[in-house]
Amino acid sequence: MRKISAFILFFLIFMLTACIHSSFAQQKKIRVLIVTGGHGYEHKPFYNVFDSIPSITYDTLVQPQANALIASPEVNRYDVLVFYDMADSISPAQQQAYISLLKKGASMVFLHHSLVSYQHWPEFIKIVGGQYHTAPVLVNGDTLRANYEHGVIIPVKVEQKNHPVTRGISDFEIEDEVYSDVEILPRVQPLLSTSLPKSMRYLAWINHYEHSDVICIQLGHGPSAYSNPNFRKLIRQAIEWAIDNKN
């Protein structure tokens, strides 16, 4: 009887320890908010990219509700904000909320069509480091007329092979949507580039704004990109570096 009691006690202690360890591990996961809205996408294969990242837990929110949360104390629940939206409506208070977060060193990752957001907010390009302009714009004496094309095989060159965001990724090809004539600020730190004439030169970069290093990744239009192992690794490492760099 004493042996049985000792076994039960040991089992209870083991289960309690396992529960505490599991709870601690869950707390240590990176808390991500994925912001969408304003552009269609295939939900299941897109979220499968994030489901495959064991280091994160995530919530999703559609615009304009996302900007309302970003302008509230609720935003502090998240370690990293990932933008996959194409929004154009943002109030002055919400604009200031973005800037205030970045002054505190917030972690933001902008993906693909988020480059088209906020055409009438001049600060946005300074935050992201680039923008797809929906109307022709004069930049350094050249007129940029942004355009896009679906289903293009893009040769991708890794500009910084030792950076934590691109580490372990070799030059690769991906079937994706290309953007052309996108304005990219000269101060950005390039991570990926392409020699494809119909594409913008840089496909991923880091832009320093206030006290934050903002990551922009142009890739990621649809399932052919979502399933690419290099794209998946890039997204995982971008999120992990964003929080590591913040700490």
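Residues numbered from 1 in each chain as written. Predicted model: local features only at pLDDT ≥ 70, side-chain atom pairs only at ≥ 80, totals over all residues. Heavy atoms only, no water.

Participant: Looking at this model, I keep getting lost on the layout of surface pockets. Mind explaining?
Facilitator: Empty space among the atoms becomes apparent when a probe as large as a water molecule is rolled across them. By volume, the largest pocket amounts to about 220 Å³. Lining the largest pocket are V139, N140, D142, L144, D181, V182, E183, I184, L185 and P186. Those elements giving two or more residues to the lining of the largest pocket turn out to be β7 (142–144) and β10 (183–184). Considering only residue class, the lining of the largest pocket consists of six nonpolar, one polar and three charged. Its volume calculated, the second largest pocket comes out at about 160 Å³. Around the second largest pocket, the lining residues are V75, N76, Y78, D79, V80, L81, L101, K104, G105, A106, S107 and K246. Looking at the lining of the second largest pocket residue by residue, the classes come out as six nonpolar, three polar and three charged. (1 Å grid on protein atoms, 1.4 Å probe; cavity = no way out; pocket = protein on both sides within 12 Å on 5 of 7 lines; lining within 4 Å. Points joined across faces, edges and corners; volume = space filled by probe spheres on them. Helix = DSSP H or I, 4+ residues; strand = E, 2+ residues; numbered from the N terminus. Nonpolar A, V, L, I, M, F, W, Y, C, P; charged D, E, K, R; others polar.)

Participant: Any chance you could explain helix α2 (residues 43–51) here in plain terms?
Facilitator: Note that an α-helix has 3.6 residues per turn; residues three or four places apart therefore point the same way. Turning to α2, its buried residues are F46, Y47, V49 and F50. What you see down the axis of α2 is that its buried residues fit within an arc of 135 degrees, all on one side. For α2, exposure combined with an orientation more than 90 degrees from the buried face picks out K44 and D51. Where α2 is buried, its residues touch β1 (30–36), β2 (56–62), β3 (80–83), β4 (107–111), α6 (223–226) and α7 (229–246). (Buried < 20%, exposed > 50% of the residue type's maximum accessible area, 1.4 Å probe, protein only. Arc of directions from axis to C-beta. Contact = heavy atoms within 4.5 Å.)

Geometric descriptors of this kind do not, in isolation, establish any biological role.
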